[in-house]
There are 2 protein chains.
Amino acid sequence: MFNNVLIAEDQDFVNLGIREVLQNLEIEKITHSQYCDEAYLKLKRAALDNKPFDLLICDLNFKADHRNEKIESGEALASLLKKEIPDLKIIINTVEEHPNIVKRVWNSGIADAYVIKDRNGFKSLETAIKKLTINDKYLAPSIEGILSKSNVIELSDYELELLKYVSKGYSQEEIHQVFKNYKISPNSKSSIEKKLKELRELFEAKTNPHLITVLKDLQII
Amino acid sequence: MFNNVLIAEDQDFVNLGIREVLQNLEIEKITHSQYCDEAYLKLKRAALDNKPFDLLICDLNFKADHRNEKIESGEALASLLKKEIPDLKIIINTVEEHPNIVKRVWNSGIADAYVIKDRNGFKSLETAIKKLTINDKYLAPSIEGILSKSNVIELSDYELELLKYVSKGYSQEEIHQVFKNYKISPNSKSSIEKKLKELRELFEAKTNPHLITVLKDLQII
DNA sequence: CTCAGATTTGCGGAAAACCGTAAGAGTTTA
DNA sequence: TAAACTCTTACGGTTTTCCGCAAATCTGAG
C-alpha cells in the first residue's frame, strides 16, 4: 500500500473528499497542492531528499488564477513527472469524460489510473488505489467503452488546421493564400472547398456555421 | 444557526467536503442527495412531516444518468422550491462562473447565496452560511463584479432565435420562411441579413462561422 | 517503365451571402 | 396633423461559396 501521497487538486471540497478516501485506506502521509507548479516542486524536492512520494492523485483542469503557472494542466504535470520520476504512480481524477481527451491522456501512458469524479468517485478512487498497489492499471467503468470503440471521429492535422481558419473567420480565398505560404498541402481553392464539403457530410452539417456548431459541441475544436 | 441541512450534489467527493464544512459549524442533521428529484421529494416530505429542512446547499449541474430525472438541474430544483417552500434558504454551490448563467440565476432570486467551488470553496461556503443565519445574502467575491458591470452582452429573444437557426444550418432563405410562418418579425430576407451583419460587427466576427465560434466560446449559444 | 487508381487542381456556372440605397410602414414629437 | 425619426422591406449588383466535371499530378504495383 502507498504511504506518501500527494493530491494535486484545486477545488478544496474535492481535496477534503479525497483525503477521506485515503484516511479510510489508512494512508498516513497526505499532502496536497492547489497548483500544478507547487505540486511539481514538492514532488521533485521529495525525490531529491530521498523521501519520494509514491502516489500522485491529480486533477486535469486547474482554474487560472492571479499566479501565473508554468504548468497549467494536470496533463502537463503528469507528462513531465512520468519522464522525470518514472517510479511515481499517477492517478488522474477528473470530471473530464470527453472521448478525445480521455483517449489522448490514456494512450499517452502518463497515467496508471483514470478516475471520474462522479456519483461513485469515492468507490472508484478506492478501487484504483487498490489496483495500483498490486501494480495493476485502472480505468473508470464509465469510460472503458470509449477507448475500445472507434466512436471517436479522428480528424487529421490538416483538417483541424483548415477548420481552425474557418472558425477564425478566414475566407476560402484567404485560407488558400495562408496554406500556400505555409506550404500546407493541398492548398488550392478547389481542394479546400472539397475538403470542407467532405467535413460537412461527415458531420451531417448543412452549412459551415452548422459545421462549426457540431464540432464545438463535440469539443473537436 | 441552521440545524437541518440538505445537500444536493452529485459528486461524492464534494459531498464529503461540504459535510465537513457543516460539521465544523456544528450543524448536526446533515442529509444528502445525489439526484434532484430525490432531493425535491425529501424536502417536500420533511415539510409535510413538520420537520422541514432549513437550508439547501445545491449544485447547478447534475450529470445525466440511467435514471431519468424530471428535475435536471439545480436551477430548476431551486426555482421550484423557492415557490413551494419560501422559508427554505438556498445556497447555490457550483463551478459555474459564466456571466450569463450567474446573472440569470442570481437575478431570478431563487438563491440566497451563490458560492463558487474553487480553491476557497470551503471558506466561501462557511461565510455564506454565517451570512444566511443573520438573514443576509451572499455572493462569492470572484463573481461580484460580474453582476454590476454591464460586460454581459445581452441578446434579445429575436437575436437568439435567429442565431439558433443559423447554427442549425438553415439558410437565410429558410429562416425567412420559418419566421414568416411563425409570425416572427422582422422576417424579410433583407432584415435577416442586416441583423446578422449587426451581430457580426457586435462580436467582431468576420464571417458567420466565425460568429458562431465566438458565441459558442462565450456560451451565448 | 507503364499503367491504373487516387489525389489535387482549374474552371465555369449556379446558389447563397453580402452590401448599399431607397422606398415604405410605423412611432414619436411638436 | 405634419414633420422627424426609426424600423422594415425591396431590389440590384458584387463577392463568396458551392458543385461537378475534366485535366493534371502523384503514387504504387507489376
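Here's a quick rundown of the structure. Since we're looking at a predicted model, the values are computed, not measured.

Next up on the list: the pattern of salt bridges. Residue and element names in this part refer to chain A. Under the counting rule described, the total for this entry stands at 42 salt bridges over all chains. The closest approach of N and O atoms between Asp112 and Lys137, which form a salt bridge, is 3.5 Å. With Asp112 in the loop between helix 4 (99-107) and strand 5 (113-116) and Lys137 in the loop between helix 5 (121-133) and strand 6 (138-139), this pair connects stretches of sequence that are 25 residues apart. Take Lys137: its relative accessible area is 46%, and that puts it in the partly exposed class. Look at the salt bridges and you will find they share partners, linking Glu38, Lys42, Arg67 and Glu69 into a network.

This part takes up the relation of the copies chain B and chain A. Least-squares fitting of chain B to chain A yields an RMSD of 0.1 Å, with the transformation described by 0.1 Å of translation along the axis and a rotation of 180 degrees. These values place the two chain copies in the arrangement generated by a two-fold rotation axis. Residue Pro209(B) of chain B places its C-alpha closer to the rotation axis than any other residue of that unit, at 2.2 Å. When you check the interface residues of chain B against chain A, 100% turn up at the interface there too, and the contact is symmetric in its surfaces.

What follows concerns the nonpolar core. Ile91(A), Ile91(B) and Ile129(B) are the most contacted members of the largest nonpolar core, which has 46 residues in total. Not counting chain neighbours up to four residues away, the residues in contact with Ile91(A) comprise Leu55(A), Leu56(A), Ile57(A), Cys58(A), Ala113(A), Val115(A), Leu125(A), Ala128(A), Ile129(A) and Leu132(A). Counting residues in hydrophobic clusters, the runner-up holds 39 residues, among them Ile192(A), Val178(B), Ala205(B) and Leu215(B).

Before going further, it helps to spend a moment on the protein's contact with DNA strand C. Neighbouring DNA strand C are Pro186(A), Asn187(A), Ser188(A), Ser190(A), Ser191(A), Lys194(A), Ser171(B), Gln172(B), Glu193(B), Lys197(B), Arg200(B) and Asn208(B). Those atoms of DNA strand C that come within 4 Å of the protein belong to sugar or phosphate at a rate of 59%. The separation between a phosphate oxygen of DNA strand C and a polar side-chain atom of Gln172(B) is 2.9 Å. With respect to DNA strand C, the side chain of Asn208(B) contributes an N or O atom lying 3.3 Å from a phosphate oxygen. Contributing elements (two or more residues each) for the surface near DNA strand C: helix 9 (189-202) of chain A together with helix 9 (189-202) of chain B. Looking at the surface near DNA strand C residue by residue, the classes come out as one nonpolar, seven polar and four charged.

Here we come to the interface of chain B and chain A. Counting from both sides, the interface comprises 40 residues of chain B and, opposite them, 40 residues of chain A. The largest share of the area that chain B buries against chain A comes from Phe13(B), Lys63(B) and Arg119(B), three residues that together contribute 28% of it. The interface formed by chain B and chain A contains eight salt bridges. Here Lys216(A) ties to Asp217(B) by a salt bridge, and the two come within 2.7 Å at their closest N and O atoms. Ranked by residues supplied to the side of chain B that touches chain A, first place goes to helix 1 (residues 12-24) of chain B with eight residues.

What follows is about the packing of aromatic side chains. If you walk through the whole model with that rule in mind, you get six aromatic pairs over all chains. Here Tyr165(A) and Phe179(A) contribute two aromatic rings whose centre-to-centre distance is 5.9 Å and whose plane-to-plane angle is 75 degrees, an arrangement assigned as edge-to-face. Note that Tyr165(A) is positioned in helix 7 (residues 157-167) and Phe179(A) in helix 8 (residues 172-181), a separation of 14 residues in sequence. Each member of the pair Tyr165(A) and Phe179(A) is classed as buried. Ring centres of Tyr158(B) and Phe179(B) lie 5.6 Å apart, and the angle between their planes is 65 degrees; this geometry places the pair in the edge-to-face category. Residue Tyr158(B) is found in helix 7 (residues 157-167), and its partner Phe179(B) is found in helix 8 (residues 172-181); the two are separated by 21 residues along the sequence. Comparing Tyr158(B) with Phe179(B), the two get one shared label, buried. Joined through ring pairs, the aromatic side chains of Tyr158(A), Tyr165(A), Tyr170(A) and Phe179(A) make up one cluster. Here the guanidinium or amino end of Arg67(A) rests over the ring plane of Tyr35(A), the centre of that ring lying 3.6 Å away.

All names here are of chain B. An order of 2-1-3-4-5-6 is seen for the six strands of this open sheet, with the pairing classed as parallel. In this open sheet, the two edge strands, each paired with only one partner strand, are strand 2 (29-33) and strand 6 (138-139). Examined bridge by bridge, strand 1 (residues 4-8) and strand 3 (residues 55-58) share four bridges and lie parallel to one another. Note that in strand 3 the partner of Leu6 across the bridge is Leu56.

Here the focus is the protein's contact with DNA strand D. The local shell around DNA strand D consists of Ser171(A), Gln172(A), Glu193(A), Lys197(A), Arg200(A), Asn208(A), Pro186(B), Asn187(B), Ser188(B), Ser190(B), Ser191(B) and Lys194(B). Near the protein, within 4 Å, the atoms of DNA strand D are sugar or phosphate in 62% of cases. Side-chain polar atom of Glu193(A) to a base nitrogen of DNA strand D: 2.6 Å apart, as the coordinates give it. At 3.1 Å from a base nitrogen of DNA strand D is found a side-chain nitrogen or oxygen belonging to Ser190(B). Only helix 9 of chain A together with helix 9 of chain B provide two or more residues apiece to the surface near DNA strand D. Among the residues forming the surface near DNA strand D, the class breakdown is one nonpolar, seven polar and four charged.

All right, on to the sheet that holds strand 6 of chain A then. Residues and elements named next belong to chain A. In space, the six strands of this open sheet follow the order 2-1-3-4-5-6, with parallel pairing throughout. The two strands at the open ends of the sheet, each matched to only one other strand, are strand 2 (29-33) and strand 6. Here helix 2 (residues 36-48) sits on the sheet and contacts strand 1 (4-8), strand 2 and strand 3 (55-58); the angle it forms with strand 2, its principal contact strand, is near 145 degrees.

So, how was this worked out
- Residues numbered from 1 in each chain as written.
- Chains lettered and ligands numbered in written order.
- Predicted model: local features only at pLDDT ≥ 70, side-chain atom pairs only at ≥ 80, totals over all residues.
- Heavy atoms only, no water.
- Salt bridge = Lys/Arg side-chain N within 4 Å of Asp/Glu carboxyl O.
- Helix = DSSP H or I, 4+ residues; strand = E, 2+ residues; numbered from the N terminus.
- Buried < 20%, exposed > 50% of the residue type's maximum accessible area, 1.4 Å probe, protein only.
- Least-squares fit on C-alpha atoms with pLDDT ≥ 70 in both.
- Contact = heavy atoms within 4.5 Å.
- Core = buried A, V, L, I, M, F, W, Y, C linked by side-chain atoms within 4.5 Å.
- Near = heavy atom within 4 Å.
- Polar contact = N/O pair within 3.5 Å; in protein donor to acceptor, adjacent residues only side chain to side chain.
- Nonpolar A, V, L, I, M, F, W, Y, C, P; charged D, E, K, R; others polar.
- Buried area = accessible area lost by both parts, 1.4 Å probe.
- Phe/Tyr/Trp six-rings, centres within 6.5 Å; stacked < 30°, edge-to-face > 60°.
- Lys NZ or Arg CZ within 6 Å of the ring centre and 35° of its normal.
- Pairing = 2+ DSSP bridges.
- Axes fitted to C-alpha atoms, helices over the stretch in contact; angles between N-to-C directions.

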